[in-house]
Every structure is written in C-alpha cells, then in structure tokens.
Amino acid sequence: MIRFFRQIRYKLLSENKTSGYIKYAIGEIVLVVIGILIALQINNWNEDRKDEKALNEYLVKIKSHTWEDIQELEKMMDGRKQTAETCKQARRSILDKTEGENLFLFMAAGLALVEYYFKPNTGGYEALKSSEYFGKINNTPLDSLLTEYHGMIELIAENEKSYNDYTVEQSSYLSREFDRSLILAYIAVPHDSLFSRATPQSEFYEAYGEYTKSVPYRNIISLAAFQFDLMIDQYQQLSDIGQSVIKEIDVMVPKEPLDAN
C-alpha cells in the first residue's frame, strides 16, 4: 500500500503536476490523520473495556458480600425477635408479680445478656473505594445506595454498642453480687442430676430466683423488650437497601453469555 502511494507521488512529480501533487499530499495527510484517530479510538475502546471489566469485578464482589450480609441479617432478626418476645413476656410477668411461676421464662430471657454484633462484610466496598475505579460510579443510583447502606451499618453498630455496653455493665454487677456457680448449674445442668448433688435443689432454685429478681437483670430484660424492636427494624431496613444494591449491580454488570456447547 505504501509502495502504491509512493508510485503515485513520483508520477505526479515527474509529470510536473504541482496542483495535483498538492491535492494528493493533502489527501495523504488526511488519511494518516484518520488512521491515527481510528487507532486512538480503538485504544480508548480497549482501555474502556479493561476499566469496565475491573469495575465489574469489584461490583460482583460487593454483590456477593451484600448477599452474605442479608443472610446474616436474617439470622440476627430471627434471634432478636425470639429474645424480644421472651423478654416482653418476662416483663409482663414482673408487672403481674408472677416471676416465681415463670423461672424458665426468665431463664430464656437471659439471652438478652449475651453480646451480639452484626458483622458486615465491607471488604469489596472498601477495596472499590481505594481503587481508581470508584469515581466511575459517582452520581449513579448505586453510589447513593451504597452510601445509604454503609450509613445504616454505622447506625446499627452504634446502637448495638450502646446496648451491649449497658449489658456488660449490668452483667458485671451481677457477677460481683451473685455466686454464678449455682445459677449456671441451674441453667445448664439437667435438673434430674441436681438431685444427686450435695446442694439441695431448692437452693439452686432460690439462687436463680434471687438472681432474676435483681434490678440489673430486670433492667436488661426491660431494655431488650423495647430496644430489640428498634434493632430488628434497622436490620430490615439494611436488608431492603442491600436487596436494592444487588438489583442495581445486576443492571450495571452484564450477564455472562451461556456456553453454546
């Protein structure tokens, strides 16, 4: 091809056709410029494809982590709902002064003393934020959803910490005021086997009864009866936002083509 153009150029010069040569030269320059522009466009297209692929890999990871979060939230909600309902029943028993008749109920309500934290997997999101591709989702629906999602995670963490810190404080007081060896035996050891102990079963019963009547224990139960409803509502909100995040990523990331074979 180059040889062909060179022959044309020599022919025009040998025939002293200056105007034709100028037109030819201009045309050749235009062709070169067009070739360069096409090459640049192809290069830009390849770079865009590489960037899109890299971004999609981050988004797929975020989707996977968000789905893991949603599954964990379901477990957290189920556990909190059961404990909240038990604590509400225990609180009604306190108001009705029927605690002595419902020690097993108060035993179940003791789960309110256990520290639970929702632990989201934010690895994919943090990796994207630290990458050069984070700006590519600026001002998109996904950007807003991810901001809302991680803002809710922070709010949940604050509320859980507040509740758990209070529980630890009250539980520490209970540990100092009560001999938990009898209480834990009453909770964990099969009651039939307590008959074989030197300590009368009535003493286990009395120790646990005193334990559940203490103000710190009742404070925790009363707080859980109401606080858990707020936590459950926040877990549900986060789960709903997470579902929206997954749907938006599905819109942005093309599905892999099925294998024709």
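Going by the structure above, here's the rest.
These figures come from a predicted structure and were not determined experimentally.

A. Spotlight on the overall build of the protein. A count of helical and extended segments in the protein gives 9 helices and 0 strands. Ordered by position from N to C terminus, the α and β elements of the protein give α-α-α-α-α-α-α-α-α. Here the protein holds 261 residues, and 35% of them are scored as buried. In the protein, 80% of the contacts between residues at least 6 apart in sequence involve partners at least 24 apart. With the model as given, the accessible surface of the protein reaches about 16500 Å², and the carbon-plus-sulfur share is 55%.

B. Focus on the nonpolar core. Core analysis: the biggest nonpolar cluster contains 48 residues, and Leu59, Ile62, Tyr217, Tyr235, Leu238 and Val245 have the highest contact counts within it. Counting residues per element, the ones that place at least two in this core are helix 2 (18-95), helix 3 (103-109), helix 4 (123-129), helix 5 (141-177), helix 8 (201-213) and helix 9 (215-252). For this core, the element with the most residues is helix 9, which contributes 13 residues. Once residues lying within four places of it in the same chain are set aside, the contact partners of Tyr217 are Phe106, Met107, Ala109, Gly110, Leu113, Leu174, Tyr208, Tyr211 and Thr212.

C. View of the pattern of salt bridges. Throughout the structure, instances matching the rule amount to 5 salt bridges. Between Glu160 and Arg80 there is a salt bridge, with its nearest N and O atoms 4.0 Å apart. Placement of the pair is Glu160 in helix 5 and Arg80 in helix 2, with a sequence separation of 80 residues. Judged by relative accessible area, Arg80 falls into the buried class, the value being 3%. Residue Arg92 is joined to Glu85 by a salt bridge in which the shortest nitrogen-to-oxygen separation is 3.7 Å. Overall, Arg92 belongs to the partly exposed group, its relative accessible area being 44%.

D. Geometry of unusual backbone geometry. You will see that Lys97, though not glycine, has its phi angle at about 55 degrees, which is positive. Mapped onto the elements, Lys97 comes out in the loop between helix 2 and helix 3. Among the residues examined, Lys97 registers a relative accessible area of 71% and is labelled exposed. Positioned with a positive phi, Asn139 is a non-glycine residue whose angle comes to about 60 degrees. As for its position among the elements, Asn139 is in the loop between helix 4 and helix 5. On the accessibility criterion, Asn139 (77% relative accessible area) is exposed.

E. Just the environment of Leu59, in detail. Counting through the fold element by element, Leu59 comes out in helix 2. When the C-alpha positions of Leu59 and Val253 are compared, they lie 7.7 Å apart, and in sequence the two are 194 residues distant. With near-sequence residues (within four places) excluded, Leu59 lies in contact with Leu128, Leu142, Ile249, Met252 and Val253.

F. Expanded view of the packing of helix 5 against helix 9. Put simply, helix 5 and helix 9 touch, their axes get as near as 9 Å, and they point 160 degrees apart. Taken together, the axes of helix 5 and helix 9 are roughly antiparallel relative to one another. At the point where helix 5 passes helix 9, the crossing takes the left-handed sense. For the contact of helix 5 with helix 9, the per-class residue count stands at 27 nonpolar, 10 polar and 3 charged.

G. Geometry of helix 9. For helix 9, which comprises 38 residues, the first-to-last C-alpha distance of 54 Å matches the rise-based estimate of 56 Å (1.5 Å per residue) to within 8%. Of all the bends in helix 9, the greatest measures close to 35 degrees and is centred on Ala224.

H. Local environment of the packing of aromatic side chains. All chains considered together, the criterion is met by 5 aromatic pairs. Above the face of the Phe228 ring, Arg80 is positioned so that its terminal group lies 4.6 Å from the ring centre.

Thresholds, definitions, all that
Residues numbered from 1 in each chain as written. Predicted model: local features only at pLDDT ≥ 70, side-chain atom pairs only at ≥ 80, totals over all residues. Heavy atoms only, no water. Helix = DSSP H or I, 4+ residues; strand = E, 2+ residues; numbered from the N terminus. Buried < 20%, exposed > 50% of the residue type's maximum accessible area, 1.4 Å probe, protein only. Contact = heavy atoms within 4.5 Å. Areas by Shrake-Rupley, 256 points an atom, 1.4 Å probe, with all protein chains shown as cover. Core = buried A, V, L, I, M, F, W, Y, C linked by side-chain atoms within 4.5 Å. Salt bridge = Lys/Arg side-chain N within 4 Å of Asp/Glu carboxyl O. Axes fitted to C-alpha atoms, helices over the stretch in contact; angles between N-to-C directions. Parallel < 35°, antiparallel > 145°, perpendicular 65-115°, else oblique. Left-handed = near helix turned anticlockwise from the far one by under 90°. Nonpolar A, V, L, I, M, F, W, Y, C, P; charged D, E, K, R; others polar. Expected span 1.5 Å × (residues − 1). Bend = angle between axes of the 7 residues up to and from the residue. Phe/Tyr/Trp six-rings, centres within 6.5 Å; stacked < 30°, edge-to-face > 60°. Lys NZ or Arg CZ within 6 Å of the ring centre and 35° of its normal.

Geometry only, nothing functional implied.
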